[in-house]
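Residues per chain, in single letters:
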Amino acid sequence: MIDVVNLQKSFGKVEVLKGIDITINKGDIVCVIGPSGSGKSTFLRCLNCMEDPTGGQIIFNGVNIADMHVDINLHRRKMGMVFQQFNLFNNKTVLQNIMLAPVHIGKTELRKAKWHNLFHKDKVEITTTKAQIVADAKENAMQLLRRIGLEDKANVYPSTLSGGQKQRVAIIRAMAMNPDVILFDEPTSALDPEMVGEVLDLMKSLAKEGLTMVIVTHEMGFAREVANRVIFIDEGKILEEAPPEEFFGNPKNPRLKDFLSKVL
Amino acid sequence: MGSFAKKVDTFLTAFIDNGGYVSVLEGLKNTMIIAVFGLIIGILIGTVIATVRVLPKYKTLPRVLDAICSFYVGLFRGTPIVVQLLVFYYVLLPLMGVHMSSLYVSVIVFGLNSGAYISEIMRSGIQSVDHGQMEAGRAVGLSFGTTMLNIVIPQAVKNILPTLGNEFIALIKETSVVSFVGASDLYKAFNMIGTNSYEFMVPYLVMALIYIAIVMLITLGIKLMERGLRKSDRRS
């Protein structure tokens, strides 16, 4: 699904990623671990071009999205992202947070189709209306909220939620676009310890449904339990890639051995 | 004190019996028109300029636009508004061969002028919004413009509302210079009453009180608006 070929990223003269190659298949749950400053977050942010790669290719569903000429917004709809700091829209209620993108994109496409029909002979069939788009998005959003047990919070602003609730809302906001893959950038690092569990549980249940996920994390227990592949990044390179049993049970790279001995 | 009572009397005669209140109401109307529409134009221009100035600058087009915008801001902040009014009315319009009423000219010049100031206010407002808000919008596939309009600018406006109120107050007070191009504002109306009755003390005193009253009303209005906009911050 995602083919990363020789991905490079520099900030000015600082070379952060020095050529990363990895293939992420459908249904994969890839955990990325590494010391701080190793480039693991940059790697994740390059996958959806939140940081523009300075070299290499990212082939997502057959398109090289690292190419500056593609409409990145189109591809990001199929590639959700969850942030360390949640980044819920502060000026929108929980429900609006989840509905905003589906409604906006649905309406834009409807408008484009109507515009097209005005000027072209080959009519596009229009099967929906604005009201229908909003109603569908709302139903979908409420269903997702029920899933995480926060349907009673639909109409409050994010400032009233706890950290764990915010992150769970952020995850279902990404889910509302029905993405092919979700990128998690240290989703539990900003949470109080007692709230880590609820977020990880939601991620586990998504994993069971077969959602493709790439997760930068420090939760070694979670990586061992949920991932089907774990990669170790240090100094801008993938130093080890293995299934979790082997990765944690029998690490080969000396730097990974050293890292694991410190964190486990 | 007797002479003051006489002056009040003279003023009242000019104000009520000789129809001074008509020109005062007319002046008040014009002052408000210039300030309100100037502010609206200023907010529109300011928002556009501020957005241009926070655009990522990898490509040529944003850089060119940025240069144009900083030239504009430099131009309008670097000259007094009276000079801008005079140049616009007596230089630019005749050169272009356009005739325009002095009220419209005033609205346009005040709009252009406050656009330059508001762009800087708006820019600091946009920069005060956490960058993660923009990233979150982009990450769900919304464009830069859509995210800006729906997420970042509403939060920026909330942060800069007190400053924007200041700008509106400043605009109202600055409108007193539009009589330079012959527009009849509040100052012009009281000036005329004074000229006609040969008595300036009371008219100018009343004028000052009216300006203060307007500004106090606006201050109250801003406070109420702020309270409304704060609802997303409150914990319920």
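Refer to the preceding data block for the structure.
Residues numbered from 1 in each chain as written. Chains lettered and ligands numbered in written order. Predicted model: local features only at pLDDT ≥ 70, side-chain atom pairs only at ≥ 80, totals over all residues. Heavy atoms only, no water.

Novice: Could you give an account of the overall build of chain B, naming the residues involved and the relevant values?
Specialist: For chain B, the count of helices and strands is 9 helices and 0 strands. For a compact globule of 236 residues, the expected C-alpha radius of gyration is about 18 Å, and chain B comes in at 22 Å, more than 25% above that figure. Along the first, second and third principal axes, the C-alpha atoms of chain B reach 75 × 55 × 25 Å. Scored against the burial criterion, the 236 residues of chain B give a buried share of 42%. Partitioning the contacts of chain B with sequence separation of at least 6, the portion at a separation of at least 24 is 75%. A total accessible area of about 12200 Å² is found for chain B, and carbon and sulfur atoms account for 69% of it. (Helix = DSSP H or I, 4+ residues; strand = E, 2+ residues; numbered from the N terminus. Rg over C-alpha atoms; globule rule 2.2 N^0.38 Å. Buried < 20%, exposed > 50% of the residue type's maximum accessible area, 1.4 Å probe, protein only. Contact = heavy atoms within 4.5 Å. Areas by Shrake-Rupley, 256 points an atom, 1.4 Å probe, with all protein chains shown as cover.)

Novice: Can you break down a nonpolar patch on the surface residue by residue, with the values?
Specialist: Side chains of B:Val83, B:Val87, B:Tyr90, B:Val91, B:Leu92, B:Leu95, B:Met96 and B:Val98 sit close together on the surface and give an oily, nonpolar patch of about 730 Å² of accessible area. Checked against the element boundaries, B:Met96 lands in helix H4 (residues 81–96). (Patch = residues over 30% accessible without salt bridge, like charges linked within 9 Å, V, L, I, M, F, W, Y side chains within 5 Å. Salt bridge = Lys/Arg side-chain N within 4 Å of Asp/Glu carboxyl O.)

Novice: Which residues make up the pattern of salt bridges, and what are the values?
Specialist: All names here are of chain A. In this structure the tally under the stated criterion is 18 salt bridges over all chains. With a shortest N-O distance of 3.3 Å, Asp258 and Lys262 are connected by a salt bridge. Taken together, the residues Asp258 and Lys262, both in helix H9 (residues 254–263) and 4 residues apart, mark about one turn of the helix. You can call Asp258 partly exposed: its relative accessible area is 38%.

Novice: Pulling in residues and values, what's your account of the packing of aromatic side chains?
Specialist: One pass over the structure, following the stated rule, counts 10 aromatic pairs over all chains. Note on B:Phe11 and B:Phe190: the rings are 6.5 Å apart at their centroids and 20° apart in plane angle, and the pair reads as stacked. On the criterion of sequence distance, the pair formed by B:Phe11 in helix H1 (residues 2–17) and B:Phe190 in helix H8 (residues 186–197) is long-range, its members being 179 residues apart. No difference in accessibility class separates B:Phe11 from B:Phe190, as the two residues are buried. Look at B:Tyr187 and B:Tyr204: their rings are 6.4 Å apart centre to centre, the planes differ by 25°, and that puts the pair in the stacked class. Note that B:Tyr187 is positioned in helix H8 and B:Tyr204 in helix H9 (residues 201–229), a separation of 17 residues in sequence. A residue is classified by how much of its surface remains accessible, and B:Tyr204, at 28% relative accessible area, is partly exposed. These aromatic residues form a ring-pair network of at least three members: B:Phe11, B:Phe15, B:Tyr21 and B:Phe190. Here the basic side chain of A:Lys9 rests over the ring of A:Phe11, its NZ or CZ set 4.8 Å away from the ring centre. Lying across the ring of A:Phe89, A:Arg173 places its NZ or CZ 4.5 Å from the centre. (Phe/Tyr/Trp six-rings, centres within 6.5 Å; stacked < 30°, edge-to-face > 60°. Lys NZ or Arg CZ within 6 Å of the ring centre and 35° of its normal.)

Novice: Give a description of the sheet that holds strand E5 (residues 63–64) of chain A that names residues and reports values.
Specialist: Sheet strands pair via backbone hydrogen bonds, and the direction of the pair is either parallel or antiparallel. Residues and elements named next belong to chain A. What the 4 strands build is an open sheet, ordered E2-E1-E4-E5; its pairing is antiparallel. Looking at strand neighbours, the two that pair on one side only are strand E2 (14–24) and E5, the edges of this open sheet. Summarising the sheet, strand E1 (residues 2–11) and strand E4 (residues 55–60) pair through 5 bridges and their orientation is antiparallel. Paired with Gln8 across the strands is Gly55, a residue of E4. (Pairing = 2+ DSSP bridges.)

Novice: Summarise the packing of H8(B) against H9(B); cite the residues concerned and give the values.
Specialist: Residues and elements named next belong to chain B. It is at 9 Å that the axes of H8 and H9 come closest, and there the two elements cross at 160°. Between H8 and H9, the interaxial angle falls into the category roughly antiparallel. The interaxial crossing formed by H8 with H9 has right-handed handedness. Between H8 and H9, the residues in contact are Leu186, Tyr187, Phe190, Asn191, Ile193 and Gly194 and Pro203, Tyr204, Val206, Met207, Ile210, Tyr211 and Ile214, respectively. Considered class by class, the residues forming the contact of H8 with H9 number 11 nonpolar, 2 polar and no charged. (Axes fitted to C-alpha atoms, helices over the stretch in contact; angles between N-to-C directions. Parallel < 35°, antiparallel > 145°, perpendicular 65-115°, else oblique. Left-handed = near helix turned anticlockwise from the far one by under 90°. Nonpolar A, V, L, I, M, F, W, Y, C, P; charged D, E, K, R; others polar.)

Novice: Please provide a residue-by-residue account of the interface of chain A and chain B, values included.
Specialist: Facing 26 residues of chain A, the contacting portion of chain B comprises 24 residues. Here chain A meets chain B over a buried area of about 2200 Å², counting both sides, of which 55% is carbon and sulfur. Considering only the side of chain A, the residues that lose the most area to chain B are A:Phe89, A:Asn91 and A:Ser159, jointly responsible for 22% of the buried surface there. Linking chain A to chain B there are 8 residue pairs in polar contact (both at pLDDT 80 or more). (Buried area = accessible area lost by both parts, 1.4 Å probe. Polar contact = N/O pair within 3.5 Å; in protein donor to acceptor, adjacent residues only side chain to side chain.)

Novice: Could you give an account of a positive patch on the surface, naming the residues involved and the relevant values?
Specialist: All names here are of chain A. Where like charges cluster on the molecular surface, the positive patch consists of Arg111, Lys112, Lys114 and Lys130. No other element matches helix H3 (residues 94–119), which puts 3 residues into the positive patch. Accessibility expressed as a relative area gives 58% for Lys112, which makes it exposed. (Lys, Arg positive; Asp, Glu negative; His and termini not counted. Charge placed at Lys NZ, Arg CZ, Asp CG, Glu CD.)

Novice: Before we move on, can you summarise the sheet that holds strand E6 (residues 79–82) of chain A with the specific residues and values?
Specialist: All names here are of chain A. Pairing is mixed across the open sheet formed by 6 strands, whose spatial order is E6-E7-E8-E3-E9-E10. With one partner strand each, in any of the chains shown, E6 and strand E10 (237–242) form the two edges of the open sheet. For this sheet, the mean angle separating the axes of adjacent strands, direction not counted, is 20°. The pairing of strand E7 (residues 181–185) with strand E8 (residues 212–216) spans 5 bridges and is parallel. Across the sheet, the residue bridging to Asp185 is Val216, located in E8.

Novice: Lay out the packing of H1(B) against helix H2 (residues 20–54) of chain B with the relevant residues and their values.
Specialist: Residue and element names in this part refer to chain B. Their axes nearest at 4 Å, the elements H1 and H2 cross at an angle of 75°. Judged on the interaxial angle alone, H2 and H1 are roughly perpendicular. Of H2, the residues touching H1 (which contributes Ala14, Phe15 and Ile16) are Gly20, Tyr21 and Val24. Class assignment for the residues of the contact of H1 with H2 results in 5 nonpolar, 1 polar and no charged.

These values are about where atoms sit, not about what they do.
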